[in-house]
Amino acid sequence: MANRNLGNKLLKNQVVRFVFSAGVGFLMDVSAFYLFYHNLLTQKTYHIVYLTVRNYTLSFSISFFLGVLVNFLITRYFVFSESNLPPYKQFFRFVSVAFVGYFANLAVLKLFIQSFQMDPIIARPSAALSLFFLSFFVHKFFSFSLSLRHHASERSNAQSN
């Protein structure tokens, strides 16, 4: 009985739900990165139009956007389902944040690989985890337009139960 109450409390906690959502997206991202980096994009560089792209950058780009898609779907329906924004606006905002996050992740990834000589398989999850908490607040207040006031009323409702 106590486990059920704890489980219900955890499921009501938005941060816990976000951690779950981000975790699933993260697993999709990191798994896809591993698959692309080690199995599908095995050349060191690729020539795309007029650019020469390293295999870890191309693997990261594909895996990141697969993770974003999975993360958006779970976040929309499981974490911030009370948002009144139309889904297309949520998606546009989510992808806009992800676009900025892409470059932040890429910069951290390159820093870890090129400056700290980390293996790309270790550097990828490290880069993603380093930006996790910032992502929660940006998505909460921007992507899904949930105010601090909404968060405070949600907390008082949870405490009264």
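Coordinates for the structure precede this section.
Bear in mind that the values here come from a model prediction, so they are computed numbers and not experimental data.

Before going further, it helps to examine the overall build of the chain. Across its full length, the chain carries seven helices and two strands. Each helix and strand of the chain, ordered N terminal to C terminal, gives the series α-α-β-β-α-α-α-α-α. When each of the 161 residues of the chain is scored for burial, the buried share is 37%. Considering only residue pairs separated by 6 or more positions, the chain has 67% of its internal contacts joining residues 24 or more positions apart.

This part is about the nonpolar core. Among the nonpolar cores identified, the biggest contains 24 residues, and Phe18, Tyr56, Phe60, Phe64, Phe80 and Leu109 are the most heavily contacted of them. Secondary-structure elements contributing two or more residues to this core are helix H2 (14-40), helix H3 (55-79), helix H4 (87-115), helix H5 (120-130) and helix H6 (132-143). In this structure, Phe18 is in contact with Thr75, Val79, Phe80, Phe132, Ser135, Phe136 and His139, ignoring residues within four places of it in sequence. Of all hydrophobic cores here, the second largest spans six residues; its members include Ala32, Phe36, Leu41 and Tyr46.

Quick look at the pairing of strand E2 (residues 51-54) now. Bridge count for strand E1 (residues 45-48) against E2 is four bridges, and the pairing is antiparallel. Paired with Ile48 across the two strands is Leu51, which belongs to E2. Linkage of E1 to E2, two consecutive antiparallel strands, is achieved through a turn of two residues, within which Val49 is found at a positive phi near 55 degrees.

A separate point is the packing of aromatic side chains. For the structure on display, the rule yields twelve aromatic pairs. Their ring planes at 70 degrees and their centres at 5.6 Å tell us that Phe20 and Phe78 sit as a pair that is edge-to-face. In this pair, Phe20 sits in helix H2 while Phe78 sits in helix H3, placing the two residues 58 residues apart along the sequence. Phe20 sits in the partly exposed class, given a relative accessible area of 48%. Residue Phe78 is classed as partly exposed on the basis of its relative accessible area, which comes to 31%. Here the aromatic residues Phe60, Phe64, Phe65, Phe99, Tyr102 and Phe103 are joined through ring pairs into a cluster of three or more.

Here the focus is the packing of H3 against H4. Their axes nearest at 10 Å, the elements H3 and H4 cross at an angle of 145 degrees. Every pair of crossing elements has a handedness; the one defined by H3 and H4 is right-handed. Here the residues of the contact of H3 with H4 sort into 15 nonpolar, eight polar and two charged.

Taken residue by residue, H5 has Pro120, Ala123, Arg124, Pro125, Ala127 and Ala128 as its buried positions. In this structure, the buried side of H5 is in contact with H2, H3, H4 and H6.

Quick look at H6 now. Every buried residue of H6 is accounted for by Phe132, Phe136, His139, Lys140 and Ser143. One side of H6 carries all its buried residues, which in axial view fall inside an arc of 120 degrees. Along H6, exposed side chains directed more than 90 degrees from the buried face belong to Phe133 and Leu134.

This paragraph deals with a nonpolar patch on the surface. Side chains of Leu69, Leu73, Tyr77 and Phe91 sit close together on the surface and give an oily, nonpolar patch of about 410 Å² of accessible area. Here Phe91 lies in helix H4. The exposure class of Phe91 is partly exposed, given its relative accessible area of 36%.

Calculation rules
- What you see as residue numbers is a count from 1 along each chain, following the sequence as written.
- The predicted origin of the model limits local features to residues at a pLDDT of at least 70 and limits the giving and counting of side-chain atom pairs to 80 or more, whereas totals for whole chains, interfaces and linings rest on all residues.
- The basis for the side-chain values is all heavy atoms of the structure; hydrogens and waters are excluded.
- Only DSSP runs of H or I reaching four residues or more are called helices, and only runs of E reaching two or more are called strands; each is numbered from the N terminus.
- Throughout, exposure labels follow a simple rule: accessible area from a 1.4 Å probe, protein chains only, divided by the maximum for the residue type, with under 20% read as buried, over 50% as exposed, and the rest as partly exposed.
- Contacts: residue pairs with any heavy atoms within 4.5 Å of one another.
- Grouping buried Ala, Val, Leu, Ile, Met, Phe, Trp, Tyr and Cys residues that are joined through side-chain atoms within 4.5 Å yields what is termed a nonpolar core.
- The pairing criterion is simple: DSSP has to find at least two bridges between the two strands.
- Stacked, tilted and edge-to-face pairs are distinguished by plane angle, under 30 degrees for stacked and over 60 for edge-to-face with tilted covering the rest, among Phe, Tyr and Trp rings (Trp via its six-membered ring) whose centres lie within 6.5 Å.
- Axes here refer to lines fitted to C-alpha atoms; in helices the fit is confined to the stretch in contact. Angles between the N-to-C directions go from 0 to 180 degrees.
- Whether a crossing is left-handed or right-handed is set by the direction in which the near helix is turned from the far one by less than a right angle, anticlockwise for left-handed and clockwise for right-handed.
- The nonpolar class holds Ala, Val, Leu, Ile, Met, Phe, Trp, Tyr, Cys and Pro. Asp, Glu, Lys and Arg form the charged class, and all remaining residues, Gly among them, are polar.
- The arc in question is the one spanned by the directions pointing from the helix axis to the C-beta atoms.
- Two joining distances apply to patches: 9 Å for like charges and 5 Å for nonpolar side chains (Val, Leu, Ile, Met, Phe, Trp, Tyr), and every residue must have over 30% relative accessible area and no salt bridge.
- Accessibility throughout is a Shrake-Rupley quantity obtained with a 1.4 Å probe, and a residue counts as covered only by protein chains that appear here.
- A carboxyl oxygen of Asp or Glu within 4 Å of a side-chain nitrogen of Lys or Arg is what we treat as a salt bridge.

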